[in-house]
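What the coordinates show
Next come the chains, spelled out residue by residue.
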Amino acid sequence: MSGAGVISFELVDGPIEAGQGRVAASVDALGEANEVGAVLEFCGVVRRSERGRALVALDYEAYPPMTQNEGVRIAQDILEETGVRAIEVLHSVGRVPVGACSFLLRVQSAHRAEGLRAASAYIERMKQEVPLWKLPVWAGDA
Amino acid sequence: MADPHAVMFEVRLFGPQAQLAGRRVLELDGPAGGAVTAGQLLERIAEACPALAASAPASRVAVDHRVLAPEDVVDPAAEVALIGLISGG
C-alpha cells in the first residue's frame with residue numbers, strides 16, 4: 001500500500017496462471033477511497049519466434065530485491081503522475097514456455113483514460129529500468 | 001605481476017551479459033588506492049571483457065542494489081552489479 005493507492009510487485013516462479021494476483025484484496029485495501037471504475041489487465045505472452053527463429057520458451061532472470069524495489073519505485077511514480085488507484089505487477093522468473101504469460105500488469109483507476117495511460121507508461125519504464133532479463137530457449141536446443 | 005595494493009572489484013553479471021561473458025562474476029583490478037567511478041568501471045569492464053565491450057557503455061552499475069550515476073564512486077567492498085540489456089515483459 002502506498003499513499004492513496006495500492007502497489008504490489010511480485011516475482012513468480014514459472015508461468016503466471018489465469019486469475020493469479022490479488023484484485024479483490026487490493027480493491028478491499030482501498031477502503032473508502034475505492035472509486036474504481038476501470039480495471040485494466042495486460043498480459044505479456046511468450047511469442048513463438050524471435051527474429052524469425054522458432055522458440056520453445058524464455059528463461060527469465062531477476063536480481064532480488066533490486067528488481068522488486070525498482071518495480072515498486074516506478075509504480076509509485078506513475079501512481080502519483082496519473083492518479084490511478086492501484087498498480088499490481090506479477091513477473092515470471094525461470095522458464096516460461098511459448099504461449100504462456102510471463103508478465104501481468106493490472107491497473108485500477110476511476111476512469112479508463114488515466115488507467116490506459118498508466119499501463120502504457122509502466123510497461124515502457126519497466127523495460128528500461130527494472131532489472132529483468134530473458135534468454136531464449138530455441139527450438140532444437142531445448 | 002599483479003599489484004598487491006590494487007583494489008579488486010567483483011561485478012555480478014546477469015542474463016545475456018552473463019552468457020556473453022561466460023561467467024556470473026567478473027573480477028577486475030582497480031587502481032591502487034584510487035577511487036573508481038561507475039563510469040570508469042564500465043570502461044574497465046569493456047576493456048577486460050571484450051564480449052561485453054558493445055553492451056557495457058549502455059549499461060549501469062548498481063551498488064548494493066542501487067543504480068549509481070556515472071560520476072559516483074564505487075565501493076569495492078559493496079555488492080557490485082552490471083545492469084544492462086534489460087528485457088523484462
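Relevant structure appears above.
The text that follows walks through the structure, step by step, so that each part is easy to find. In this text, all values refer to a predicted model and were calculated from it rather than measured experimentally.

**Some points on the overall build of chain B**
- Regarding its fold elements, chain B presents 2 helices and 5 strands.
- Starting at the N terminus, the α and β elements of chain B follow one another as β-α-β-α-β-β-β.
- In terms of overall dimensions, chain B is globule-like: its C-alpha atoms have a radius of gyration of 12 Å, near the 12 Å expected for 89 residues.
- Along the three orthogonal principal directions, the C-alpha set of chain B runs to about 45 × 25 × 20 Å.
- Residues counted as buried form 30% of the 89 residues belonging to chain B.
- The long-range share in chain B, meaning contacts at least 24 apart out of those at least 6 apart in sequence, stands at 50%.

**Digging into the interface of chain B and chain A**
- Counting residues at the interface gives 13 residues for chain B and 18 residues for chain A.
- Residue assignment for the side of chain B that touches chain A shows that the elements contributing at least two residues are helix H1 (15-21) and strand E5 (80-83) of chain B.
- Ranked by residue count, the leading element in the side of chain B that touches chain A is H1 of chain B, at 3 residues.
- A breakdown of the residues in the side of chain B that touches chain A according to their chemical character gives 7 nonpolar, 6 polar and no charged.

**A look at the nonpolar core**
- In this structure, Ala75, Ile87 and Tyr122 of chain A together with Val11, Ile45 and Val61 of chain B are the most contacted members of the largest nonpolar core, which totals 54 residues.
- Here the element with the most residues in this core is strand E5 (residues 86-97) of chain A; it accounts for 5 residues.
- Apart from residues lying up to four places away in sequence, isoleucine 45 of chain B is in contact with Val11, Leu26, Leu28, Leu52, Ala56 and Leu82 of chain B.

**Details of the pairing of E5 of chain B**
Residues and elements named next belong to chain B.
- Burial along E5 is two-sided: Val80 and Leu82 facing one way and Ala81 and Ile83 facing the other are all buried.
- In this sheet, E5 lies alongside strand E1 (residues 8-12) in parallel orientation, the contact comprising 2 bridges. Paired with valine 11 across the two strands is valine 80, which belongs to E5.
- Of the strand pairs in this sheet, strand E3 (residues 60-63) and E5 are connected by 4 bridges, and their pairing is antiparallel. Residue valine 61 lies in a different strand from E5, and its bridge partner there is leucine 82.

**A word on the packing of helix H2 (residues 66-82) of chain A against helix H3 (residues 112-129) of chain A**
All names here are of chain A.
- Direction vectors running N to C along H2 and H3 enclose 150°, while the axes themselves pass 10 Å from each other. Our classification of the angle between H2 and H3 gives roughly antiparallel. Crossing of H2 over H3 shows right-handed handedness. Where H2 approaches H3, its residues Glu70, Gly71, Ile74, Ala75, Ile78 and Thr82 are matched on the opposing element by Glu114, Arg117, Ala118, Ala121, Tyr122, Arg125, Met126 and Glu129.
- Residue classes in the contact of H2 with H3 are distributed as 7 nonpolar, 2 polar and 5 charged.

**So, H3 of chain A**
All names here are of chain A.
- A rise of 1.5 Å per residue sets the reference length of H3, with its 18 residues, at 26 Å; its end C-alpha atoms lie 25 Å apart and thus fit the reference within 8%.
- Gly115, Ala118, Ala119, Tyr122 and Met126 are the residues of H3 that are buried. What you see down the axis of H3 is that its buried residues fit within an arc of 100°, all on one side. Facing away from the buried side of H3 by over 90 degrees, the exposed positions are Ala113 and Gln128.

Rules and cut-offs
Residues numbered from 1 in each chain as written. Chains lettered and ligands numbered in written order. Predicted model: local features only at pLDDT ≥ 70, side-chain atom pairs only at ≥ 80, totals over all residues. Helix = DSSP H or I, 4+ residues; strand = E, 2+ residues; numbered from the N terminus. Rg over C-alpha atoms; globule rule 2.2 N^0.38 Å. Buried ≥ 20, exposed ≤ 12 C-beta atoms within 10 Å, placed from the backbone. Contact = placed C-beta atoms within 7 Å. Nonpolar A, V, L, I, M, F, W, Y, C, P; charged D, E, K, R; others polar. Core = buried A, V, L, I, M, F, W, Y, C linked by C-beta atoms within 7 Å. Pairing = 2+ DSSP bridges. Axes fitted to C-alpha atoms, helices over the stretch in contact; angles between N-to-C directions. Parallel < 35°, antiparallel > 145°, perpendicular 65-115°, else oblique. Left-handed = near helix turned anticlockwise from the far one by under 90°. Expected span 1.5 Å × (residues − 1). Arc of directions from axis to C-beta.

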